[in-house]
Amino acid sequence: MGWRWMAVVACVATSAAASAAVLCRTRSATVKVRDVCRPRERTLDPVALGLQGPPGPKGDPGMQGPQGLPGPAAGVTVHDATGAIVGAWKPEPANAGQAVMTLSGHAVALPVLPYGFYDSQTVKTYHESSDCSGPPLLRDQVIADGGAAHPAFLFVYQGFDLSGTAYYPRALRFSSVLGSYDYAGCSVCAPYNCSCAPLTTSDGCTSAGGTFTPPSRCCFSYSSPGTEVVADVDTFDLTTLGLVPPFHVEGP
């Protein structure tokens, strides 16, 4: 039997690199090297027979696999009354804070207080025209975080809970002129006697130095338009998130 095992070892050494060969014991007690053992042959374990050689050299690194799914959120987070996560906590401004959320594919930081999203009631929007026509814009000071605007991470300017609408900047660009401004949300908060309620009437708008356009728009023109860094405005209906106030903060 000794010569048979020597032949098997030599055969395994020369063929193992070429294919995934197996050892097969035949009915006549001989050992064959095959790709697959035949019926009535028994597969032998080379390790159990002491035929395993020393470890080979370390192979080359494989290709990088696909990126895995994101892990659970770490750090301090804002939660609603049911425990649902509102967003990551951002401790500014000093008298409140912000919840960092993803709205319509944009990373946005919304001002929050214990009672819910900050109720600012109105949003001051700007226009390149002198009569508030054209798309509304937000100026750089409401976009910048500490004075440094960053197009990859935009912050909400203001939102008003009366309608549940949040206004936030997107698509930073440079404007050659900023000719006028108005206030979004006045018509929504006017029934509650908010500060801009008089601007929703012709007399109130004219008294404030604006130009009234029915049914409730009051436009203010700049006497000397200037160049500003601005962003297009996007909106999101916060009521669709189903969050229940009051809010609270939890640690990791």
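Definitions and limits used
- Residues numbered from 1 in each chain as written.
- Predicted model: local features only at pLDDT ≥ 70, side-chain atom pairs only at ≥ 80, totals over all residues.
- Heavy atoms only, no water.
- Phe/Tyr/Trp six-rings, centres within 6.5 Å; stacked < 30°, edge-to-face > 60°.
- Buried < 20%, exposed > 50% of the residue type's maximum accessible area, 1.4 Å probe, protein only.
- Helix = DSSP H or I, 4+ residues; strand = E, 2+ residues; numbered from the N terminus.
- Lys NZ or Arg CZ within 6 Å of the ring centre and 35° of its normal.
- Pairing = 2+ DSSP bridges.
- Axes fitted to C-alpha atoms, helices over the stretch in contact; angles between N-to-C directions.
- Polar contact = N/O pair within 3.5 Å; in protein donor to acceptor, adjacent residues only side chain to side chain.
- Contact = heavy atoms within 4.5 Å.
- Core = buried A, V, L, I, M, F, W, Y, C linked by side-chain atoms within 4.5 Å.

Chemist: Account for the packing of aromatic side chains, with residues named and values stated.
Modeler: Both the distance between ring centres and the angle between the ring planes are used here to describe each pair of aromatic rings. Tallied over the entire structure, the rule returns six aromatic pairs. Ring geometry for tyrosine 181 and tyrosine 183: centres 6.0 Å apart, planes at 85°, overall edge-to-face. The class of tyrosine 183 is partly exposed, set by a relative accessible area of 30%. Note on tyrosine 183 and phenylalanine 220: the rings are 6.5 Å apart at their centroids and 85° apart in plane angle, and the pair reads as edge-to-face. In this pair, tyrosine 183 is assigned in strand β12 (residues 165–184) and phenylalanine 220 in strand β14 (residues 217–237), connecting sequence segments 37 residues apart. Positioned above the aromatic ring of tyrosine 181, the side-chain terminus of lysine 124 is 4.2 Å from the ring centre.

Chemist: For the sheet that holds strand β1 (residues 22–25), give the residues involved together with the corresponding values.
Modeler: With respect to topology, three strands assemble into an open sheet ordered β2-β1-β3, the strand pairing being antiparallel. Each having just a single partner strand, β2 (31–34) and β3 (42–44) make up the two edges of the open sheet. Neighbour-to-neighbour, the strand axes of this sheet turn through a mean angle of 40°, independent of strand direction.

Chemist: Describe the sheet that holds strand β5 (residues 85–90), with residues and values.
Modeler: Strand order in the open sheet made by the six strands is β8-β7-β6-β5-β4-β15, with antiparallel pairing throughout. Among the strands making up the open sheet, the edge pair consists of β8 (116–117) and β15 (248–250).

Chemist: An account of the pairing of β14 is requested, with residue identities and associated values reported.
Modeler: Sheet topology note: the strand β10 (residues 137–139)/β14 ladder contains three bridges and is antiparallel. Bridging across to β14, arginine 139 finds its partner in valine 230. With three bridges connecting them, strand β13 (residues 211–213) and β14 associate as antiparallel partners. Within β14, the residue paired with threonine 213 across the bridge is arginine 217. Between β13 and β14, which pair antiparallel and follow one another directly, the connecting turn spans three residues.

Chemist: So what's going on with the side chain of glutamate 41? Which residues, and what values?
Modeler: Within the fold, glutamate 41 resides in the loop between β2 and β3. The class for glutamate 41 is buried, based on a relative accessible area of 17%. Within polar-contact distance, the side chain of glutamate 41 engages the backbone nitrogen of arginine 38 at 3.0 Å. When sequence neighbours within four positions are dropped, the list of residues in contact with glutamate 41 reads Cys24, Arg25, Thr26 and Arg34.

Chemist: Tell me about the environment of serine 224, and please be specific about residues and values.
Modeler: Along the chain, serine 224 turns up in strand β14. When the C-alpha positions of serine 224 and serine 180 are compared, they lie 10.0 Å apart, and in sequence the two are 44 residues distant.

Chemist: Before we move on, can you summarise the nonpolar core with the specific residues and values?
Modeler: Core analysis: the largest hydrophobic core is formed by 15 residues, its most contacted members being Leu178, Cys194, Cys196, Leu199, Cys218 and Phe220. Those elements that provide at least two residues to this core are β12, α2 (186–189) and β14. The biggest single contributor to this core is β14, with three residues. Val86, Ala99, Leu110 and Val112 belong to the second-largest nonpolar core, a separate cluster that totals 14 residues.

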